[in-house]
Amino acid sequence: MFELEKLVRPNMRTMKPYSSARDEFEGHEGVFLDANENPFGGLNRYPDPHQKALKETLSAVKQVPPENIFVGNGSDEVIDLALRMFCIPGKDNVVICPPTYGMYEVLANINDVNIIALPLDKNFQPNVNDILASDAKMIFLCSPNNPTGNDLAGIETILEHFKGIVFIDEAYIDFSSKPSFLNQINHYPNLIVSQTLSKAWGRAAVRVGLAYSNSAIISYFNKAKPPYNVSQLNQQEAIKALKDMDVFLDHRQIILEQRRWLIAELSNLKCIETIYPTDANFILVKTTDANAIYHRLIEDNIIVRNRDSVVKNCLRITVGQPSENGKLIASLRKIQP
Ligand SMILES: *Cc1c(COP(=O)(O)O)cnc(C)c1O
C-alpha cells in the first residue's frame, strides 16, 4: 500500500505555510491596503500566488485539472522543491541515472541529499533491477533524456514497483514520438511529471516550469513554494505562449524536419562516428575528437555543447534554424579527421 505521508519529510507534513495578504482576501475590486504595496505604478501589486489564469490556460491545453498543476520558476524550482518535500538532508537517498541532466545532482548536493548513481547502460537505458533494489526516497528519470536524446524504457515497471517518488522530467516530450505520462498522474500515486515552457514552447527566458501530479502531492508543492514564485510578467508571457498554438506547432514541425536534415548531413561526415537515436530537439554525436572539433567550431562562431566529460568524445548539437544548421554542417565539412 502506497502511503504518501510516509515519504513526505516530517517537517513538511506538520509545518504551517505562509499565508499571504492575497490568500486572506481574494477579491479583484477594492481598496487594497493589506500588502504594503506602493499605491502608484503599473506593476505595483503582487502577482497571483496561485497563478489561477495560467493554470486555467494550461488546464485547457493539457487536459489536466488545475488542482493537478504546479507552476514553478522554471523546472529547476520544481526539482528543488521536490527534493525538499521528500528527502531529509544527510539521511535520505535519491537515484540519478547518468549521463543525464546535471541539475538533479547539483540540487541534491545543495539540499545535502545523498545520491545513488545508477548509470544508464550502453544503449542509454536504465537498469530497472538495480533501481528497484535501491533504497531511495525518489528517482529522477529524464525522458527523452538529456544529453543522450533517447526515450527511456521500463518506466512503467519502475512506477509499478519503486517504493519512492518517481519524478519524470519531460522537458523534451513535445519533440518525442512516445506518449507523455501526463495522463497517468492519477493512476500512479508516486508519479510527478515535470514539463517546461523553455524548449518546445520557445520561452526559456520566461522561466516557467510545471509539475503535474495527484492533488495531494501538488498541495505539498504549494506548501513548500515561495508565495510569489512566478512573477506577473512571467505568468502573462506564459499565457500568451500557450494561446499561440499555431506558432508552437509550426516551429516544432520545422525543428523536427531540421533534425532529420541534420542527421542525414551528419551521417556523411568523416569526423562523426556515431549519431545516437534522438527524440528531442538535439542530437548527441560521437566524434573523432570532441575537444578539437568543439574548438574548431568556436573559431567559426558556432557553439555546441561539449559532453566529452560525460560521454567520451561526444558533442550535443541543438537543432537550430535552417541557416544555422547549414553553417554548422559547412563548418564541420572543413574538418578532416
Ligand atoms: C532544459 C531542461 C529543463 C528546463 O529547465 P527550465 O528551468 O524549465 O528552463 C528541464 N529538464 C531538462 C532535462 C532540461 O534539459
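Coordinates for the structure precede this section.
Criteria and thresholds
Residues numbered from 1 in each chain as written. Predicted model: local features only at pLDDT ≥ 70, side-chain atom pairs only at ≥ 80, totals over all residues. Heavy atoms only, no water. Near = heavy atom within 4 Å. Polar contact = N/O pair within 3.5 Å; in protein donor to acceptor, adjacent residues only side chain to side chain. Areas by Shrake-Rupley, 256 points an atom, 1.4 Å probe, with all protein chains shown as cover. Helix = DSSP H or I, 4+ residues; strand = E, 2+ residues; numbered from the N terminus. Contact = heavy atoms within 4.5 Å. Axes fitted to C-alpha atoms, helices over the stretch in contact; angles between N-to-C directions. Parallel < 35°, antiparallel > 145°, perpendicular 65-115°, else oblique. Nonpolar A, V, L, I, M, F, W, Y, C, P; charged D, E, K, R; others polar. Buried < 20%, exposed > 50% of the residue type's maximum accessible area, 1.4 Å probe, protein only.

Examining the site of the ligand
The immediate surroundings of the ligand are formed by 14 residues, with Tyr172, Thr196, Ser198, Lys199 and Arg207 found nearest. With respect to the ligand, the side chain of aspartate 169 contributes an N or O atom lying 2.7 Å from a nitrogen atom. Considering the ligand on its own, with 390 Å² of exposed area, one finds that the protein chains cover 94% of that surface.

Things to note about the side chain of asparagine 229
Among the secondary structure elements, asparagine 229 is positioned in the loop between α9 (215-224) and α10 (232-243). Looking at asparagine 229, its side chain comes within polar contact range of the side chain of glutamate 77, at 2.9 Å. Here asparagine 229 is in contact with Gln51, Phe70, Val71, Gly72, Asn73 and Glu77, once residues within four sequence places are set aside.

Considerations on the packing of helix α11 (residues 245-266) against helix α13 (residues 322-333)
Following both chains from N to C, one finds α11 and α13 inclined at 10°, their axes separated by 10 Å at the closest point. One finds that α11 runs roughly parallel with respect to α13. Of the residues in α13, those in contact with Ile254, Gln258, Trp261, Leu262, Glu265 and Leu266 of α11 are Pro322, Asn325, Gly326, Leu328, Ile329, Leu332 and Arg333. Its residues assigned to classes, the contact of α11 with α13 comprises 8 nonpolar, 3 polar and 2 charged.

Examining the environment of leucine 297
Structurally, leucine 297 is set in helix α12 (residues 290-299). A residue is classified by how much of its surface remains accessible, and leucine 297, at 1% relative accessible area, is buried. Through-space distance from the C-alpha of leucine 297 to that of leucine 328 is 7.8 Å; in sequence the pair is 31 residues apart. Filtering out sequence-adjacent residues up to four positions away, leucine 297 remains in contact with Ile302, Val304, Leu328, Ser331 and Leu332.

Considering the environment of serine 75
Tracing the chain through its elements places serine 75 in helix α5 (residues 75-86). For serine 75, a relative accessible area of 11% translates into the label buried.

Nothing here speaks to function; it is all geometry.
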